[in-house]
Amino acid sequence: MRDDIRLIITETHHAIERKISLLKQFIKLEHDLNNSLKIDFDNEPADILHHIDYIISEINIQDYIISGLNDRFRGKTGKHLSASELQNYVDCEGMIKALSVLRIDEKRLISDISDLRRINVDIMKNLKEDILKDANELRSIRHIEINLSKDPQSDS
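Small disclaimer: the values here were computed from a predicted structure and weren't measured.

Novice: What exactly am I supposed to notice about the pattern of salt bridges here?
Specialist: Counting across every chain of the model gives twelve salt bridges. With a shortest N-O distance of 2.4 Å, arginine 117 and glutamate 30 are connected by a salt bridge. Taken as a pair, arginine 117 in helix 3 (residues 95-150) and glutamate 30 in helix 1 (residues 3-37) lie far apart in primary sequence, 87 residues in all. Arginine 117 gets classed as partly exposed once you look at its relative accessible area, which sits at 28%. With a closest N to O distance of 2.5 Å, aspartate 71 and arginine 74 form a salt bridge. Residue aspartate 71 and its partner arginine 74 are both found in helix 2 (residues 44-77); the two are separated by three residues, about one turn of the helix. Exposure remark for aspartate 71: the relative accessible area of 40% places this residue in the partly exposed category. Arginine 74 sits in the partly exposed class, given a relative accessible area of 35%. Linked by salt bridges that have partners in common, Lys19, Asp63, Arg103 and Glu106 make up one network.

Here's what the structure looks like:
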C-alpha cells in the first residue's frame, strides 16, 4: 500500500475512533437525561442538553474531517473509503478491515443513541403536556378566584 494512502487510512481510523469516543459520551448523556427526566429535577435536563449540544458539534467536526479524508482518498484512488468499494483493494496490514469494524461500531452507537433519543423526546413531550395541563388548571382557578372577588353578592 502506498504511503500516502496508508496515511489517509490511518488518519481516518483516528478520526473515527475520536467520533466513537464522542458517541459513547453522547449515549451516556442520553442515559443521564433519561434518568433525570424520570425523577424530580430543576436544571439538570437543561445542563445535560447543553452538554449534548457540545458533543454534537464535536461529532460534526469529526464528520467534516472524515469527509475531507474520504475526498482525498477518492482523489488518489477513484474509490470511496468504504468497505463495499474496497473489498478487492490490497489490505496488507488489515487497515481497511479495522476501519470497517470501526464503522460497524459507529453505526451501532448511532442507532442506540437514536433509540434512546426517541424515548427521551417522548418523555419530554409528555412532561410538556402535563405542565401545560397544570398551567391551564391554574389559570382556570385564578379566573374563578377573580370572578368570585368581583361578585356583587359577596359584598353584602
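Novice: Help me understand the environment of glutamine 62 in this model?
Specialist: Within the secondary structure, glutamine 62 sits in helix 2. Along the primary structure glutamine 62 and isoleucine 16 are separated by 46 residues, whereas in three dimensions their C-alpha atoms are 7.3 Å apart.

Novice: How should I be thinking about the side chain of glutamate 106 in this particular structure?
Specialist: Within the fold, glutamate 106 resides in helix 3. According to the relative accessible area criterion, glutamate 106 is buried, its value standing at 4%.

Novice: What should I look at first to understand helix 2 in this one?
Specialist: One full turn of an α-helix is made of 3.6 residues, so residues set three or four places apart face in the same direction. The terminal C-alpha atoms of helix 2, which comprises 34 residues, lie 49 Å apart, in line with the 50 Å expected from a rise of 1.5 Å per residue. Those residues of helix 2 lying buried are Pro45, Ile48, Ile52, Ile55, Ile59, Gln62, Ile66, Leu69, Asn70 and Phe73.

Novice: Quick question: what am I supposed to make of the packing of helix 1 against helix 2 here?
Specialist: Packed helices, taken two at a time, are described by the angle their axes make and the gap between the axes. Look at helix 1 against helix 2: their axes get within 9 Å of each other, and the N-to-C directions meet at 160°. As far as their axial angle goes, helix 2 and helix 1 are roughly antiparallel. For the pair helix 1 and helix 2, the crossing hand works out as left-handed. For the contact of helix 1 with helix 2, the per-class residue count stands at 22 nonpolar, six polar and eleven charged.

Novice: Explain a nonpolar patch on the surface here, please?
Specialist: A contiguous nonpolar surface patch, about 320 Å² in accessible area, is contributed by Ile61, Tyr64 and Ile65. Checked against the element boundaries, isoleucine 61 lands in helix 2. By relative accessible area, which is 41% here, isoleucine 61 ends up partly exposed.

Novice: What is the right way to read the side chain of asparagine 34 from this model?
Specialist: Tracing the chain through its elements places asparagine 34 in helix 1. Assessed through its relative accessible area of 7%, asparagine 34 is described here as buried. Side chain to side chain, asparagine 34 and lysine 38 meet in a polar contact 2.9 Å long. For asparagine 34, the residues in contact, after removing those within four places along its chain, are Leu116, Ile119, Asn120 and Ile123.

Novice: How should the environment of leucine 23 be read in this particular structure?
Specialist: As for its position among the elements, leucine 23 is in helix 1. We classify leucine 23 as buried; its relative accessible area is 4%. It is 9.8 Å that separates the C-alpha atoms of leucine 23 and aspartate 112, two residues lying 89 residues apart in sequence. Aside from chain neighbours lying at most four places away, what touches leucine 23 is Ile59, Glu106, Leu109, Ile110 and Ile113.

Calculation criteria
Residues numbered from 1 in each chain as written. Predicted model: local features only at pLDDT ≥ 70, side-chain atom pairs only at ≥ 80, totals over all residues. Heavy atoms only, no water. Salt bridge = Lys/Arg side-chain N within 4 Å of Asp/Glu carboxyl O. Helix = DSSP H or I, 4+ residues; strand = E, 2+ residues; numbered from the N terminus. Buried < 20%, exposed > 50% of the residue type's maximum accessible area, 1.4 Å probe, protein only. Expected span 1.5 Å × (residues − 1). Axes fitted to C-alpha atoms, helices over the stretch in contact; angles between N-to-C directions. Parallel < 35°, antiparallel > 145°, perpendicular 65-115°, else oblique. Left-handed = near helix turned anticlockwise from the far one by under 90°. Nonpolar A, V, L, I, M, F, W, Y, C, P; charged D, E, K, R; others polar. Patch = residues over 30% accessible without salt bridge, like charges linked within 9 Å, V, L, I, M, F, W, Y side chains within 5 Å. Areas by Shrake-Rupley, 256 points an atom, 1.4 Å probe, with all protein chains shown as cover. Polar contact = N/O pair within 3.5 Å; in protein donor to acceptor, adjacent residues only side chain to side chain. Contact = heavy atoms within 4.5 Å.

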